[in-house]
Amino acid sequence: MKLEDMNESDMSCLRGGPELSVVVPTYNERDNVAELVRLLDLALPAIDWEVIFVDDDSSDGTADVIRQMAQTNGRVRCLQRIGRRGLSSACIEGILSSSAPYVAVMDADLQHDERVLPTMLAELKKGDLDIVIGSRYVQGGGIGDWQADRAKMSRFATWLSNIVVHADLKDPMSGLFMVRRTVFMETVRNLSGIGFKILLDLFASAPHRLAFVEIPYSFRARAAGESKLDSAVMWDYLMLLLDKLLGHYVPIRFVSFLIIGCFGVVVHMLVLVAGLKGLNLTFDWAQGIATGVAMTANFVLNNVLTYRDHRLKGWKALRGLITFYAACGLGAVANVGIASAIFERHYEWWLAGIAGIGIGAVWNYAATAVFTWNRKQG
Ligand SMILES: Nc1nc2c(ncn2[C@@H]2O[C@H](COP(=O)(O)OP(=O)(O)O)[C@@H](O)[C@H]2O)c(=O)[nH]1
Ligand SMILES: [Mg+2]
């Protein structure tokens, strides 16, 4: 073969680099990773591949197990992230840490069928496709022994995805796919990187319509360990959809912070009513207690949802709570100050009120981002 006839994959083989990088996000998967590497070895005999595990500092020592494997198997690498969480951002960073012309993403828990990888690669190498997806919802695929409510939730999430993905994709929630590196690199700067749904993010962020095909596979039962899917995952998913819709205009963490702020108002009013009517407290006491409860509830919810990927735990959470009180206290002073100044200039009372709330909300968000969750930007 002449040099000018070679495609990117032939070139990489010539250089000795892997043709396929398999990126696997892990969180507490120590009992699955060795078996996954064994299965990949069996599935990819004629392909030059590597596997990059991206571990978010699992407490079960997954990263140590992977590094031990890597000592005796040059195909295995470990990217360990400290103080971070999130499947999507883990995949993005894993892909960026590799150089192969084709990149696959799959779970570590053996639920994804590694035997479809050679077919996916063959499809991509034909040259017309950008991405190949392992789908549970095309003829021949299946969701294994998923419980009815999990299946229902997945179908609902798939339906919701139509808001941002305009492709006839049967399984946009799939975590098993293979993409051409060039396509990923064109898209990476537009990705939201929020939550669990990296495939959906890719489709919604790509600068052009992606040419794709879905290949059926059947979801297997998780081998060892537990699912990390919890109710906060649904919140992350909504934030991903909102980011795709509004992210150009306003940071999505701010939107999350505002939604939780509105919830805080409801909590405040409920506690106020309970204090006044139920406990016969004076208004000052009831209002004071309601403020404290609402602020605490807001801190907890923001810590679990808005800053899920930077969640404060233990003493750091206590320190965070105190800085949150302090920042929001100052925010309340700013709110009242601005609103009064505007009202004194003979503007409508409601306009003055909204202006105060707006300034207070922006202040609370910015100050707690820096002082509570130690982040310099949204
Ligand atoms: N790096 C990283 N991996 C994660 C995180 N959450 C889940 N994973 C991994 O992502 C994959 C899918 O997660 P899983 O809990 O099996 O989700 P489910 O299959 O939808 O129940 C597994 O390999 C997990 O170990 C995370 O926050 N960070
Ligand atoms: Mg799983």
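Provided above is the structure to which this section pertains.
Summarised in this report is the structure supplied together with it. (Residues numbered from 1 in each chain as written. Chains lettered and ligands numbered in written order. Predicted model: local features only at pLDDT ≥ 70, side-chain atom pairs only at ≥ 80, totals over all residues. Heavy atoms only, no water.)

**Some points on the side chain of S256**
Okay, so step 1: Position of S256 among the secondary structure elements: in helix α10 (residues 252-278).
Okay, so step 2: For S256, the contacting residues outside a window of four places in its chain are W235, M239, N302 and T306. (Helix = DSSP H or I, 4+ residues; strand = E, 2+ residues; numbered from the N terminus. Contact = heavy atoms within 4.5 Å.)

**What about the nonpolar core?**
Okay, so step 1: Core analysis: the largest hydrophobic core is formed by 42 residues, its most contacted members being I131, F177, F184, L200 and F203.
Okay, so step 2: The element that contributes the greatest number of residues to this core is helix α9 (residues 231-246), accounting for six residues.
Okay, so step 3: In contact with F203, not counting residues within four places along its chain, are I131, I133, V165, A167, L169, L210 and F212. (Core = buried A, V, L, I, M, F, W, Y, C linked by side-chain atoms within 4.5 Å. Buried < 20%, exposed > 50% of the residue type's maximum accessible area, 1.4 Å probe, protein only.)

**Topic: the coordination of the magnesium ion (ligand 2)**
Okay, so step 1: D109 (OD) and Q111 (OE1) make up the full set of protein donors to the magnesium ion (ligand 2), lying at 1.9 Å. For the residue pair D109 and Q111, the accessibility class agrees, reading buried in each case. (Donors = N, O, S within 2.8 Å, 3.2 Å for Na, K, Ca; no water.)

**Comments concerning helix α13 (residues 349-371)**
Quick reminder: α-helices carry 3.6 residues per turn. Residues three or four places apart thus point the same way.
Okay, so step 1: Relative to the 33 Å expected for 23 residues at 1.5 Å per residue, α13 spans 32 Å between its end C-alpha atoms, a close match to the ideal helical length.
Okay, so step 2: The inward-facing, buried residues of α13 abut α10 and α12 (315-344). (Expected span 1.5 Å × (residues − 1).)

**Let's talk about the state of the cysteines**
By definition, a disulfide links two cysteine residues through a covalent bond between their sulfur atoms.
Okay, so step 1: Applying the stated criterion to the full structure yields zero disulfides.
Okay, so step 2: For the unlinked cysteine C91, the closest cysteine sulfur is that of C78, found at 14 Å.
Okay, so step 3: Looking at the unpaired C262, the closest cysteine sulfur is the one in C328, lying at 14 Å.
Okay, so step 4: For C262, a relative accessible area of 53% puts it in the exposed group. (Disulfide = S-S within 2.5 Å.)

**Some remarks on unusual backbone geometry**
Okay, so step 1: Although it is not a glycine, D57 sits at a positive phi angle of roughly 55 degrees.
Okay, so step 2: Here D57 lies in the loop between β2 (49-55) and α3 (62-72).
Okay, so step 3: Although it is not a glycine, H346 adopts a positive phi angle of roughly 70 degrees.
Okay, so step 4: Residue placement: H346 occurs in the loop between α12 and α13.
Okay, so step 5: Exposure remark for H346: the relative accessible area of 75% places this residue in the exposed category.

**Some details on the site of ligand 1**
Okay, so step 1: In the neighbourhood of ligand 1, 20 residues make up the surrounding shell, with E29, D56, R85, S227 and K228 lying closest.
Okay, so step 2: D56 places a polar side-chain atom, nitrogen or oxygen, 2.7 Å from a nitrogen atom of ligand 1.
Okay, so step 3: One of the side-chain nitrogen or oxygen atoms of D109 is found 2.7 Å away from an oxygen atom of ligand 1.
Okay, so step 4: Starting from 570 Å² of accessible surface for ligand 1 in isolation, the protein chains cover 97%.
Okay, so step 5: Those elements that provide at least two residues to the shell around ligand 1 are β1 (20-26) and α4 (87-96).
Okay, so step 6: Considering only residue class, the shell around ligand 1 consists of eight nonpolar, four polar and eight charged. (Near = heavy atom within 4 Å. Polar contact = N/O pair within 3.5 Å; in protein donor to acceptor, adjacent residues only side chain to side chain. Areas by Shrake-Rupley, 256 points an atom, 1.4 Å probe, with all protein chains shown as cover. Nonpolar A, V, L, I, M, F, W, Y, C, P; charged D, E, K, R; others polar.)

**As for the pairing of β2**
Okay, so step 1: Burial analysis of β2 places seven of its seven residues in the buried class, which makes it a mostly covered element.
Okay, so step 2: Side chains of β2 alternate between two faces, with W49, V51, F53 and D55 and E50, I52 and V54 buried alike.
Okay, so step 3: Looking at chain direction, β1 and β2 are connected through seven bridges and run parallel. Bridge assignment links V22 to a residue of β2, and that residue is V51.
Okay, so step 4: After leaving β1, the chain enters helix α2 (residues 33-43) and then returns to the sheet as β2, a path that is right-handed.
Okay, so step 5: Sheet topology places β2 next to strand β3 (residues 76-80); five bridges connect them, and they run parallel. The residue bridging V51 from the neighbouring strand is V76, located in β3.
Okay, so step 6: With respect to chirality, the unit in which β2 leads through α3 into the neighbouring parallel β3 is right-handed. (Pairing = 2+ DSSP bridges. Right-handed = clockwise from strand over helix to strand, strands pointing away.)

**Side note on the environment of G127**
Okay, so step 1: Inspection of the secondary structure assignment puts G127 in the loop between α5 (117-125) and β5 (131-135).
Okay, so step 2: Note on G127: relative accessible area 44%, which makes it partly exposed.
Okay, so step 3: For the pair G127 and R180, spaced 53 residues apart in sequence, the C-alpha separation works out to 9.6 Å.

**Some remarks on the packing of helix α11 (residues 283-306) against α12**
Okay, so step 1: One can describe the packing of α11 onto α12 by two numbers: an axis separation of 10 Å at closest approach and a directional angle of 125 degrees. In terms of axis orientation, α11 runs oblique to α12. As for the relative orientation of α11 and α12, their crossing is right-handed in sense. Residues G292, M295, T296, N298, F299 and N302 of α11 form the contact with α12, whose participating residues are A317, G320, L321, F324, Y325 and C328.
Okay, so step 2: A breakdown of the residues in the contact of α11 with α12 according to their chemical character gives seven nonpolar, five polar and no charged. (Axes fitted to C-alpha atoms, helices over the stretch in contact; angles between N-to-C directions. Parallel < 35°, antiparallel > 145°, perpendicular 65-115°, else oblique. Left-handed = near helix turned anticlockwise from the far one by under 90°.)

**Regarding the packing of α10 against α13**
Okay, so step 1: For the pair α10 and α13, the least separation of the axes is 11 Å and the interaxial angle reads 120 degrees. It follows from the interaxial angle that α10 and α13 lie oblique. Like other packed secondary-structure pairs, α10 and α13 cross with a definite hand, here right-handed. On the side of α10, the interface is formed by R253, F254, F257 and L258, while α13 contributes A361, V362, N364, Y365 and T368.
Okay, so step 2: Class assignment for the residues of the contact of α10 with α13 results in six nonpolar, two polar and one charged.

**Quick notes on the sheet that holds strand β6 (residues 177-180)**
Okay, so step 1: Pairing within the open sheet is mixed, and its seven strands lie in the order β3-β2-β1-β4-β6-β5-β7. A strand with exactly one partner marks an edge of an open sheet, and here the two such strands are β3 and β7 (212-216). Strand-to-strand twist of the sheet, defined as the mean angle between neighbouring strand axes without regard to direction, takes the value 20 degrees.
Okay, so step 2: Taken together, the four bridges between β1 and strand β4 (residues 102-105) define a ladder with parallel strand orientation. Considered in β4, the bridge of V22 is made with A104.

Everything listed here is a matter of coordinates, which is why it stays silent on function.
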